[in-house]
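A structural walkthrough
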Amino acid sequence: MSRILGLGALGITAASTLAVWQTRFNPRIHEASNCQMERLKGLPTREAIVDSLKKEKQFDVLVIGGGSAGAGVALDAQTRGLKTAMVEYGDYCCGTSSKSSKLIHGGVKYLETALKETDYEQYKIVQEGLKERINVMKCAPFLSHTFPVLVPTYKWWQSVYYWGGVKVYDFLAGKCIPSKFVSKEEAIEICPTIRKEGLRGAMLYYDGQQNDARLVLVVALTAIRYGAKCVNHTECVDLLKDSDGKVTGAIVKDHISGETYKINAKVVVNATGPHNDHIRKMADPNRKPIIMGCSGIHLTVAKYFCPGNTGLVNPNRRMGESFSHSPGKMSLLLGPLMMKLNHRILQMWIRGLVWDPRKKNHRTLARGHVVDVDPSGLITIAGGKLTTFRHMAEETMNKVMENNRFDEVKPCATRGMKFEGGLNYTPMLYREISRKYGLEEKVASHLCHTYGDKVYEVLKLCKSTGKQFPAIGHRLHPDFPFLEAEVRYSVKEEYARIPADILARRTRLSLLDARAAKQVLPRVVSIMAEELGWNPCQQKKNYEAGLEFLKVEMGVFNLGKGKGERMELTSSEESQIASIFKKIDKEGRGTFSSSDLKEFLNEQKKSQNVQKDILVDVITEANDGNRFISQEELQKIYLNIKNGSYKGRRLIDHLGELKTE
């Protein structure tokens, strides 16, 4: 025990000393760069961008990959004065970047490793993350905010240990809300679902939180605003090479139009994340892979598992690494906790990591990044955290400058740069538009924290509700603040081209509730068809593709079985339903009403205090407004619940679940 405390104290002293030295003598990232380039007044259409890609004789930089790293490199290159192009196989941020923890942080666990093992690599990861955390929150204030996190302690020495570690974390972060130790009672009040047995208190510290998919999107839009030619749904099918084997561009295929064309460039940057090795082997089939599999898992579960707006970090690594909220009505779990909550999981995904073959110990690069220069001239950026994408992009472009000659290149200008939607955004903007346009406050808040100062462009596309309040804006789903106008705006101004672009990345509805996403899919397809001119055949194709996306990527268990795979009631279950129905319908009328249901519940000593009008509502909700339920209809209700429906859930709660064989 004394050894642990001693090592902790030594590590804290060393880290603090290093932090003071670097803070005093190194330039602060808090100071914004000055970009002299003009922004375009209006964003070009996707068709215009594709036309430019085909006609341009040669670009200075071609970026392959439109995730956080790729979008960051495109913005950095374009604002240095380089003619830049970027292609993305799917949609912007459709891969690993949109599967983050939704946190903007340095990484408390990396700091712990750095202090315990005097690991400078881990220390740099933390410091870089904390510096860039401030930058992200300045560049996209409408997409990010401060996020409180609890670290519970169950032993006396943990209180001292975590207090010291978190204080160093504060110190490295610079200006931030200071952390503090809270009592057991305060910890329970903040997070009621915390394990209370043996709880001594908790450390409360502050990190940041962001909407990862939209953050990457606005970076790409900002690059386009400065003149970059970025296009989504365009695959790199091969690399172009000269007679010396140097990479000089790429052959790409547009998955929207089906066209294949060439893009010539002086430098090609590979920023395809988990697919980096695929592109590297196009340049040289003999190159060794740098992608390494990872067993870490991110899961989303219903938010009621950790109510409130505070994250929770579990210090017991064997039980699961951390628990934190994501934007919206859900929470994020990290680590093996999934084994105990499998039946309550909403979605899950697995991500990969990269490692540097030149390093003996790749563990330190768990969230670090590597910039690799191939003999063919291909430059690959691999690894890193979404939080540090700007720094990664700057380092990548510095490497491009070292290995290539360009005329009149400006220095990096992305530090502190306001991204698309952030120029005139203010925290109180949602109140202003709520009052001016007659919007529900929840909807106004959502719109402002999604589009920033571009919210007015979305409002122009809203239709009248015909009500006094809300005056405009038709919701896609009654339980969520997303509007139909957002679908139109996403197609017109944000290059959305397939339903998954809307459901997964423009609104994140599929992440928040896959069932709700399935329910609004037909309407999303209908609106996109109006904007993009789809014929009935194209509408059907896109609907089926959207449904397949929800089943495969969001989890088939969320949606019940698909068409042709629907679960049926067993003979035992049918017998149980028949028995229940017979007990309720004593007079043999063939249906039962709320009065019959109340009498049955009283006899069974179930829900005896429920009023009749409540039972009327229970029955009408379960049976499409009908106040009477037949045996066949009761079977249908049980069957729908078995296949993942919410409808009729309250009725089943009163009647009881069926016994499984």
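Residues numbered from 1 in each chain as written. Predicted model: local features only at pLDDT ≥ 70, side-chain atom pairs only at ≥ 80, totals over all residues. Heavy atoms only, no water.

The next thing to look at is helix α2 (residues 46-55). Listed as buried for α2 are Arg46, Ile49, Val50 and Leu53. The buried residues of α2 occupy an angular sector of 100 degrees when the element is viewed end-on, so they sit on one face. Seen from the buried face of α2, the exposed residues on the opposite side, beyond 90 degrees, are Glu47 and Lys55. (Buried < 20%, exposed > 50% of the residue type's maximum accessible area, 1.4 Å probe, protein only. Helix = DSSP H or I, 4+ residues; strand = E, 2+ residues; numbered from the N terminus. Arc of directions from axis to C-beta.)

What follows is about empty space enclosed by the protein. Within the structure shown, the criterion is met by seven cavities of 30 Å³ or more. By volume, the second largest cavity amounts to about 90 Å³. Lining the second largest cavity are eleven residues, with Ser98, Lys99, Ala504, Arg508 and Met554 sitting closest to its centre. Elements with a minimum of two residues in the lining of the second largest cavity: α15 (499-506) and α16 (509-512). The class makeup of the residues in the lining of the second largest cavity is five nonpolar, two polar and four charged. (1 Å grid on protein atoms, 1.4 Å probe; cavity = no way out; pocket = protein on both sides within 12 Å on 5 of 7 lines; lining within 4 Å. Points joined across faces, edges and corners; volume = space filled by probe spheres on them. Nonpolar A, V, L, I, M, F, W, Y, C, P; charged D, E, K, R; others polar.)

With that settled, the discussion passes to the packing of aromatic side chains. Working definition: an aromatic ring pair is given by the centre-to-centre distance plus the angle between the planes. The final tally for this structure, using the stated rule, is ten aromatic pairs. Aromatic pair Phe581 and Phe592: ring centres 5.8 Å apart, planes at 55 degrees, arrangement tilted. Taken as a pair, Phe581 in helix α20 (residues 571-584) and Phe592 in strand β20 (residues 591-592) lie far apart in primary sequence, eleven residues in all. You can call Phe592 buried: its relative accessible area is 0%. An aromatic cluster is built from Trp157, Tyr161 and Tyr162, whose rings are joined through pairwise contacts. (Phe/Tyr/Trp six-rings, centres within 6.5 Å; stacked < 30°, edge-to-face > 60°.)

Formed by 88 residues in total, the largest nonpolar core has its most connected members in Leu215, Leu239, Phe419 and Leu447. Ranked by residue count, the leading element in this core is helix α8 (residues 212-225), at ten residues. Leaving out residues up to four positions away in the same chain, Leu239 has contacts with Ile64, Val247, Gly249, Ala250, Val268, Ile279, Met282, Ala283 and Leu378. (Core = buried A, V, L, I, M, F, W, Y, C linked by side-chain atoms within 4.5 Å. Contact = heavy atoms within 4.5 Å.)

Considering all chains together, one arrives at 41 salt bridges under this definition. As a salt-bridge pair, Lys102 and Asp212 come within 2.9 Å of each other at their nearest N and O atoms. With Lys102 in the loop between β2 (84-87) and β3 (103-104) and Asp212 in helix α8, this pair connects stretches of sequence that are 110 residues apart. Note on accessibility: Lys102 and Asp212 belong to one class, buried. Where Asp617 meets Arg650, a salt bridge forms, and the shortest distance between an N and an O atom there is 2.7 Å. Linking Asp617 in helix α22 (residues 612-622) with Arg650 in helix α24 (residues 649-655), this pair joins segments that are 33 residues apart in sequence. Taking relative accessible area as the criterion, Arg650 reaches 34% and is therefore assigned partly exposed. Ionic contacts of the salt-bridge type, sharing partners, join the residues Asp91, Arg214, Glu494, Asp501, Arg505 and Arg506 into one network. (Salt bridge = Lys/Arg side-chain N within 4 Å of Asp/Glu carboxyl O.)

The amide bond that connects Phe469 to the next residue, Pro470, takes the cis arrangement and shows omega of -5 degrees. With respect to the helices and strands, the residue Pro470 is situated in the loop between α13 (455-459) and α14 (484-493). In this structure, Thr118 is a non-glycine residue whose phi angle is positive, near 45 degrees. With respect to the helices and strands, the residue Thr118 is situated in the loop between α4 (108-117) and α5 (120-139).

A few words on the side chain of Asp372. Tracing the sequence through the fold places Asp372 in strand β18 (residues 369-373). Judged by relative accessible area, which is 14%, Asp372 ranks as buried. A polar side-chain atom of Asp372 sits 2.9 Å from a polar atom in the side chain of Arg287. Residue contacts for Asp372: discarding those within four places in its chain leaves Arg280, Arg287, Leu378, Ile379 and Thr380. (Polar contact = N/O pair within 3.5 Å; in protein donor to acceptor, adjacent residues only side chain to side chain.)

Honestly, that's just the spatial picture; any functional story needs more than this.
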